[in-house]
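Coordinate inspection notes
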Amino acid sequence: MENVCPLCNALRPVEKKCPVCNQLLVDGGSLNNYLGPYSPYGETALLPFQSAGQCIHLLYCPVCAYDIRVTLALVNI
Ligand SMILES: [Zn+2]
Ligand SMILES: [Zn+2]
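A brief report on the enclosed structure follows. Treat the numbers as computed from the prediction; the structure is a model and nothing was measured. (Residues numbered from 1 in each chain as written. Chains lettered and ligands numbered in written order. Predicted model: local features only at pLDDT ≥ 70, side-chain atom pairs only at ≥ 80, totals over all residues. Heavy atoms only, no water.)

Quick look at the coordination of the zinc ion (ligand 1)
Only Cys-5 (SG), Cys-8 (SG), Cys-55 (SG) and His-57 (NE2) from the protein coordinate the zinc ion (ligand 1), and they sit 2.0 to 2.3 Å from it. Each of the 4 donor atoms around the zinc ion (ligand 1) contributes to a set of angles spanning 105 to 117 degrees, which defines the coordination as tetrahedral. Positions of the donor residues of the zinc ion (ligand 1) along the chain correspond to the pattern C-x2-C-x46-C-x1-H. You can see Cys-8 sitting in the loop between β1 (3-4) and β2 (26-30) and its partner Cys-55 sitting in strand β3 (residues 54-60), a full 47 residues away along the chain. With a relative accessible area of 27%, Cys-8 lands in the partly exposed category. Overall, Cys-55 belongs to the buried group, its relative accessible area being 0%. (Donors = N, O, S within 2.8 Å, 3.2 Å for Na, K, Ca; no water. Tetrahedral: all angles 85-135°; square planar, octahedral: opposite > 155°, others 65-115°. Helix = DSSP H or I, 4+ residues; strand = E, 2+ residues; numbered from the N terminus. Buried < 20%, exposed > 50% of the residue type's maximum accessible area, 1.4 Å probe, protein only.)

Here it is as structure tokens:
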């Protein structure tokens, strides 16, 4: 059993829509990726954004460039 982020591991698609133009938002990646190199086999448990059982993603709208941060609960696999 391992706690993983469903978006980072492509277990499920982005389901949020842009509140401005109703387009499906695009996953801009985990904020972990902006802090340093992401290693799927590395020290994910020590990364600040996953330390509380959560992964924070930046979602953006490809049409109007609206962006939002979402917090995802990690899931057991
Ligand atoms: Zn993630
Ligand atoms: Zn939009």
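Quick notes on the coordination of the zinc ion (ligand 2)
Listed as protein donors to the zinc ion (ligand 2) are Cys-18 (SG), Cys-21 (SG), Cys-61 (SG) and Cys-64 (SG); their distances from the metal cover 2.2 to 2.3 Å. Classification of the site at the zinc ion (ligand 2) rests on its 4 donor atoms, whose angles at the metal span 101 to 125 degrees, yielding the label tetrahedral. In terms of primary sequence, the donors binding the zinc ion (ligand 2) are separated according to C-x2-C-x39-C-x2-C.

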